Amino acid sequence: MPEQRQPLGRSLIDSLIAARWLLLVIALVVGVAVMPWAGQLTFDRSIETMFPPGGELVNNYRQLKETFGGNEIVMAVYQDDDLLAIDGEGIRRLRRMHDRLAAVPGVRAVLSLDQLLGGDGLDIVRDDHPSAYKLRELFAGYTHSSDGRVASLVCMLKPAGETSVPRHETIGDIRSIIGEQPGGMVAGEPAMVSEGFRLVEADGRKLATWSTVLLAITILLCLRSIRWVLIPIVVVQWTLLVTRATLVLAGVRLSMVSSMLTAIVTVVGVATVIHIAVRFQQARRAGLGPRESLADAARQLAVPIFWSCATDAVGFGSLLASDVTPVREFGLMMAVGALLVLPGVVLVVPGLALLRAGRGGAAVEDAPAISPEQLGPLMSRIERHRALFLVTLLVVVGLFGWGMNRLEIETDFTKNFRGGSRIVRAYEFVESRLGGAGVFDITLPAPARLDWNYMQRVLRLEQRLREEVVVLDERGEPTPGLTKVLSLADGVVAGSPVEINGLPLRIVRDSTARKGVELMHERIPAFVDALYFTPTDENETNSDGANTAAATRPARFRIMLRARERQPAAEKLSLIAQVDAIVRDELEQDAWAKDARLSPPDASADESPEGTLDQAIADRAHVTGYFVLLTNLIASLLEDQWTCFGIATLGIAVMMMLAFRSPTLAAAALVPNALPIIMVLGGMGWLGLKMNMGAAMIAAVSMGLSVDSSIHYISSFRRARRDGSTVVAAIVQTQRTVGPAVVFSTLALIVGFAVLVTSQFIPTVYFGVLVSLAMLGGLFGNLLVLPFLLLLVSPGDR
């Protein structure tokens with residue numbers, strides 16, 4: 001702190017201490033006032049918001065939902081050895097389950113085996129019925145297992161805009177009903193996402209409770225002061241309350257990415273208060289009274305605390321550069337939380353620190369568990385082995401830096417849950433008994449009236465998909481990548497009592513195909529509506545009674561695909577790419593172009609590429625769905641991580657140059673903050689751990705988490721240098737004053753985050769472990785690497 005500003009700083013600090021009771025009252029009033037808003041912070045459970053708005057993935061998925069009235073499908077399955085029994089008891093039991101599930105609020109329709117032939121459903125088990133066997137074969141894997149021992153009820157959920165019932169409540173009701181049957185369970189991507197949000201919310205509550213308990217125990221063991229156990233907890237809780245209220249007023253909602261708001265505010269708040277506690281106790285042991293000790297700590301720490309919180313906010317604010325809305329909102333949340341720690345400290349600490357404090361020296365319980373003198377000798381060891389230390393540092397950076405090249409993305413969403421959890425067991429059951437649990441779709445341009453020629457082209461496309469889309473199995477052998485391909489055309493063929501292609505006249509074939517569509521619509525209307533859309537399907541009319549959307553939304557045809565969810569990222573991405581390539585290849589045929597009212601490529605294509613068939617296909621033939629979104633989810637989060645990390649590094653560097661007015665010191669401070677990131681991500685690469693949501697933003701977040709100690713360290717070092725100490729003496733003194741606070745705060749936070757290891761949601765486990773490792777790396781970086789760099793770059797006497 002510049003000398004000319006010290007009198008003003010002392011005056012302000014003395015005024016704040018004198019007004020400590022008023023500040024406590026203000027903190028209480030503000031906390032009570034914002035409490036109603038703070039309780040209104042809710043989750044945005046939409047998966048689309050996890051992707052950059054306007055991107056192809058999101059646009060295709062939203063078009064699918066808007067065209068076919070929603071796309072979320074949940075499979076409710078149970079075991080029934082008598083499902084296909086000729087006496088019909090299994091079908092009657094299935095019908096009862098169907099009716100109960102169809103009545104669940106939020107369920108649009110339910111497709112089950114008993115509906116395929118209409119009536120009471122019993123004809124579906126008759127082998128003498130002309131269509132029963134073909135329909136059972138066609139829908140095997142959707143409505144039942146191929147061996148007839150597992151029933152599956154495909155629940156199509158209402159779009160969020162059509163129901164006031166939260167999605168997780170609908171899925172919970174489905175799970176409760178199907179759970180009454182033997183082996184009853186629920187699978188499907190909406191169930192996985194809902195389960196993920198449920199666990200994230202539970203983790204938030206768990207972190208708020210148990211981390212507070214563990215932090216209290218750890219701080220008590222380190223500082224041996226109940227007073228300084230209470231103060232950081234109050235500061236953190238007050239900051240969280242005001243932060244949540246601020247976010248509600250700003251219209252921001254939590255997402256699966258931003259669920260760790262409590263963790264971040266805890267890091268900043270606890271670290272800040274522990275620095276004050278350690279300095280306060282050091283002054284008390286030096287014989288100063290409580291008020292003088294607090295004033296001395298405040299004078300030494302006011303500037304570094306301000307720059308720490310401001311730099312935290314800048315580091316976290318780098319996420320505002322992300323294209324993904326929840327990531328931007330996460331950055332905003334953390335920046336707001338980091339800044340609000342400052343008023344929390346100002347309002348709470350003076351009053352609670354001096355509440356009923358005596359006037360004598362330090363109490364026995366104020367003696368810390370770790371003596372500052374234990375940290376001083378580290379500097380002499382570094383000084384004696386400078387060359388070895390430098391070589392070791394370079395080797396570590398090179399080794400872990402190379403490990404970052406080995407990082408892979410985790411796209412199996414079931415890996416976000418612990419093995420043996422109910423959602424993992426459900427997926428294992430569905431994939432083993434019903435085929436793949438990953439559901440996605442192809443949407444195609446279609447004529448306003450279906451004809452047999454169009455259906456034949458669809459059937460040919462489906463056959464190519466079944467035969468040509470391959471992935472490698474566990475033995476490295478090629479195997480079909482799609483476990484099911486199904487469309488309305490398949491249903492028409494299976495339900496027809498005659499061979500449509502053998503009929504003599506085109507008009508007869510077309511009429512028979514359309515009659516088949518009408519018959520299926522009578523039996524399973526919601527299923528047919530979900531597979532084929534024509535403008536006349538919409539009921540919205542204007543004042544003249546004309547259909548308003550019909551003129552703007554073309555006809556679309558949908559092919560439903562199934563694939564195995566539990567497979568490596570490379571296989572999933574390859575599978576999706578193969579499907580997309582086959583679709584594009586098929587739609588380049590002139591017949592498709594005619595149906596879609598598209599013009600084939602012509603000589604003017606080079607001059608007007610937007611008018612080519614290829615561009616039209618890209619605009620109107622889509623491969624989309626939950627399987628596609630979830631496969632690309634982590635890639636979407638990681639896509640701009642390094643951009644945000646670069647902005648965070650630049651922003652923090654600028655803030656430290658403003659704080660220290662020295663580019664050299666700012667550069668030296670960046671190294672111990674970047675080192676933990678390289679070690680964490682590189683270690684993941686060498687260990688073969690894949691990047692999931694918990695690790696996706698660790699680079700930018702870690703920069704904000706580890707910078708505080710560097711600022712406190714350099715501020716103390718510069719103060720000692722201004723007082724006339726040599727470089728080595730200033731570093732040793734800093735180790736003894738700042739070192740204990742860094743050790744205590746890091747230890748307390750690592751113990752606090754240990755509760756996240758018990759989470760059932762693996763990204764939360766990753767986040768807790770990686771944050772702890774980053775803080776541990778920052779501890780070594782600031783106590784070993786930073787003093788070494790200061791020794792190298794500082795001029796003057798050693």
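Caption draft 1: Structural view of the overall build of the chain. For the chain, the helix and strand inventory stands at 27 helices and 11 strands. Residues counted as buried form 56% of the 798 residues belonging to the chain. Considering only residue pairs separated by 6 or more positions, the chain has 81% of its internal contacts joining residues 24 or more positions apart.

Caption draft 2: Just the pairing of strand β1 (residues 73-79), in detail. Most of β1 sits inside the fold, with six of its seven residues counted as buried. Two strands pair when backbone bridges link them, and β1 and strand β3 (residues 150-157) are joined in this way by seven bridges, in the antiparallel orientation. Across the sheet, the residue bridging to Val 74 is Cys 155, located in β3. Relative to strand β4 (residues 185-187), β1 is paired through three bridges, and the arrangement is antiparallel. When the bridges of β4 are listed, Ala 76 appears paired with Val 186.

Caption draft 3: Representation of the packing of helix α15 (residues 452-468) against helix α16 (residues 488-495) in the model. The contact between α15 and α16 brings their axes to 9 Å, and the two run at 105°. Taken as axis vectors, α15 and α16 run roughly perpendicular relative to one another. Between α15, through Trp 452, Met 455, Val 458, Leu 459, Glu 462 and Arg 466, and α16, the contact on the second element is made entirely by Ala 489, Asp 490, Val 492 and Val 493. Here the contact of α15 with α16 is composed, by residue class, of seven nonpolar, no polar and three charged.

Caption draft 4: Representation of the packing of aromatic side chains within the structure. Scanning the model with the defined rule gives seven aromatic pairs in all. Ring geometry for Tyr 532 versus Phe 557: centroids 6.1 Å apart, planes at 50°, classification tilted. In this pair, Tyr 532 is assigned in strand β9 (residues 532-533) and Phe 557 in strand β10 (residues 556-563), connecting sequence segments 25 residues apart. For the pair shown, Tyr 532 and Phe 557 are each scored as buried. Connected via pairs of aromatic rings, a cluster forms that spans Tyr 454, Tyr 532 and Phe 557. The ring of Phe 68 has Arg 558 sitting right over it, with the charged end atom 5.5 Å from the ring centre.

Caption draft 5: Just the pattern of salt bridges, in detail. Overall, the coordinates contain 23 salt bridges when judged by the stated rule. With its nearest N and O atoms 3.0 Å apart, the salt bridge here joins Arg 422 to Glu 195. Highlighted residues: Arg 422 in helix α14 (residues 422-433) and Glu 195 in helix α7 (residues 189-223), separated in sequence by 227 residues. Using a relative accessible area of 34% as the deciding quantity, one classes Arg 422 as partly exposed.

Caption draft 6: Representation of the nonpolar core in the model. Core analysis: the largest hydrophobic core is formed by 239 residues, its most contacted members being Phe 557 and Val 579. Ranked by residue count, the leading element in this core is helix α11 (residues 325-353), at 15 residues. In this structure, Phe 389, Leu 675, Phe 788 and Leu 789 belong to the second largest nonpolar core, which totals seven residues.

Caption draft 7: Broad picture of a nonpolar patch on the surface. A cluster of nonpolar residues, Val 757, Val 769, Leu 773, Leu 776 and Phe 780, forms a patch on the protein surface that exposes about 390 Å² of accessible area. Considering the arrangement of structural elements, one finds Val 769 in helix α27 (residues 762-793).

Caption draft 8: How the structure looks around helix α13 (residues 386-403). Given a rise of 1.5 Å per residue, 18 residues ought to cover 26 Å, and the 26 Å separating the end C-alpha atoms of α13 matches this to within 8%. Regarding α13, the residues found buried are Phe 389, Leu 393 and Gly 403. Buried residues in α13, looked at end-on, bunch into an arc of 95°, giving them a common side. Opposite the buried face of α13, by more than 90 degrees, sit the exposed residues Ala 387, Leu 388, Leu 394, Val 395 and Trp 402.

Caption draft 9: Geometry of unusual backbone geometry. At Arg 224, a position not held by glycine, the phi torsion is positive, near 55°. Inspection of the secondary structure assignment puts Arg 224 in the loop between α7 and α8 (227-249). A positive phi angle is found at Arg 661, which is not glycine, with a value near 55°.

Caption draft 10: Quick look at the sheet that holds β4. Strand order in the open sheet formed by four strands is β2-β3-β1-β4, and the pairing between neighbours is antiparallel. Lying at the two open borders of the sheet, with one neighbouring strand each, are β2 (107-111) and β4. Going across the sheet, the axis of each strand differs from the next one's by a mean of 25°, ignoring polarity. Most of the contacts of α7 go to β1, to which it runs at about 100°, and overall it touches β1, β3 and β4.

Rules used in this analysis
- Residues numbered from 1 in each chain as written.
- Predicted model: local features only at pLDDT ≥ 70, side-chain atom pairs only at ≥ 80, totals over all residues.
- Heavy atoms only, no water.
- Helix = DSSP H or I, 4+ residues; strand = E, 2+ residues; numbered from the N terminus.
- Buried < 20%, exposed > 50% of the residue type's maximum accessible area, 1.4 Å probe, protein only.
- Contact = heavy atoms within 4.5 Å.
- Pairing = 2+ DSSP bridges.
- Axes fitted to C-alpha atoms, helices over the stretch in contact; angles between N-to-C directions.
- Parallel < 35°, antiparallel > 145°, perpendicular 65-115°, else oblique.
- Nonpolar A, V, L, I, M, F, W, Y, C, P; charged D, E, K, R; others polar.
- Phe/Tyr/Trp six-rings, centres within 6.5 Å; stacked < 30°, edge-to-face > 60°.
- Lys NZ or Arg CZ within 6 Å of the ring centre and 35° of its normal.
- Salt bridge = Lys/Arg side-chain N within 4 Å of Asp/Glu carboxyl O.
- Core = buried A, V, L, I, M, F, W, Y, C linked by side-chain atoms within 4.5 Å.
- Patch = residues over 30% accessible without salt bridge, like charges linked within 9 Å, V, L, I, M, F, W, Y side chains within 5 Å.
- Areas by Shrake-Rupley, 256 points an atom, 1.4 Å probe, with all protein chains shown as cover.
- Expected span 1.5 Å × (residues − 1).
- Arc of directions from axis to C-beta.

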